[in-house]
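Summary of the model geometry
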Amino acid sequence: MNKIILPVLLLTIAGCIRINQFEKNIQIPQQQWSSSFSPEIQFDITDTLSLYNVFVTLRHTDAYLYRNIWLDIATRQPGDTTYQKGRFELTLQQSDGKWLGTGYGDIWEVRYPLFRRIRFRKEGQYHIILRQIMRDDPLKHIMNAGIRIEKTS
């Protein structure tokens, strides 16, 4: 009897836990990020009282040729028809050549803080578009690009 109760109890508890994060990563075709390929991430916000951290996530191989990557990032709030745009530099490698982030084999992932402790003022669906603006086109050895959102306490 106890063998049945424990799994049911664990599933019930797990169903009540609220996950306070969102993450979506989009695969870059053939690990070659063309400037014409602009991943778009959509997410819903229902809690406009909490604070959030927003990160750009990027996965690359250690064959990536540069210490950084430049991105144009466009955001659109619910009800808006236009995007707000900004240019961001993400540092991927220290001056001594060591990659930032976490690595496994020849694959590295970095979470770059885009906004810290922001409050989303409107409920609804938000949109974020990522576009690489490096001189190389396509930009080789980039595997995924995405967004991670974490609710702060």
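Residues numbered from 1 in each chain as written. Predicted model: local features only at pLDDT ≥ 70, side-chain atom pairs only at ≥ 80, totals over all residues. Heavy atoms only, no water.

1. Section: the sheet that holds strand β7 (residues 102-104)
Here is the rule: A pair of strands is labelled paired if DSSP reports no fewer than 2 bridges between them. A run of H or I in DSSP counts as a helix once it spans at least four residues, and a run of E counts as a strand once it spans at least two, with each numbered from the N terminus. Axis geometry follows a simple rule: fit a line to the C-alpha atoms, using only the stretch in contact for helices, then measure angles between N-to-C directions, giving values from 0 to 180 degrees.
In space, the five strands of this open sheet follow the order β1-β11-β4-β8-β7, with antiparallel pairing throughout. Since the sheet does not close on itself, it has two edges, and those belong to β1 (21-27) and β7, each with one partner. When the angles between neighbouring strand axes are averaged without regard to direction, this sheet yields 15°. In the sheet, strand β4 (residues 52-61) pairs with strand β8 (residues 107-118) via nine bridges, with the strands oriented antiparallel. When the bridges of β8 are listed, Val-56 appears paired with Tyr-112.

2. Examining unusual backbone geometry
A negative phi holds for most residues other than glycine; trans holds for most peptide bonds. We apply this condition: Classification of residues uses two cut-offs on accessible area relative to the type maximum, computed with a 1.4 Å probe and protein chains only: under 20% is buried, over 50% is exposed, and between them is partly exposed.
A cis amide bond links Asp-137 to the next residue, Pro-138, at an omega of 10°. Checked against the element boundaries, Pro-138 lands in the loop between β9 (124-132) and β10 (139-140). Residues other than glycine seldom take positive phi values, yet Gln-31 does so here, at roughly 55°. Here Gln-31 lies in the loop between β1 and β2 (32-33). You will see that Arg-117, though not glycine, has its phi angle at about 55°, which is positive. With respect to the element layout, Arg-117 can be found in strand β8. By relative accessible area, which is 48% here, Arg-117 ends up partly exposed.

3. Some words on the confidence of the model for the protein
Which entries qualify depends on this criterion: Each residue carries a pLDDT score, the predictor's own confidence in it, on a scale running from 0 to 100. Here a residue-residue contact requires only that any non-hydrogen atoms of the pair lie within 4.5 Å.
Here the protein averages 88 in pLDDT, while 88% of its residues score no lower than 70. Element-level mean pLDDT values for the protein span from 44 in helix α1 (residues 2-16) up to 98 in β2. Note on residues 6-18: pLDDT under 50 across the span, and three contacts to partners over four residues away in sequence or across chains.

4. Quick look at the layout of surface pockets
Counted only if it meets this: We place a 1 Å grid over just the protein atoms. Points where a 1.4 Å probe fits but has no way out form a cavity, open points with protein on both sides within 12 Å along at least 5 of 7 lines form a pocket, and any residue with an atom within 4 Å of a point lines it. Grid points are joined across faces, edges and corners, and a volume is the space filled by probe spheres set on the points. Note on residue categories: nonpolar means Ala, Val, Leu, Ile, Met, Phe, Trp, Tyr, Cys or Pro, charged means Asp, Glu, Lys or Arg, and polar means any other residue, Gly included.
What the largest pocket holds in volume is close to 270 Å³. Lining the largest pocket we find 14 residues, and of these Thr-75, Gln-77, Ile-118, Phe-120 and Tyr-126 sit closest to its centre. For the lining of the largest pocket, the secondary structure elements donating two or more residues are β5 (68-76), β8 and β9. The biggest single contributor to the lining of the largest pocket is β9, with three residues. Residue classes in the lining of the largest pocket are distributed as seven nonpolar, four polar and three charged.

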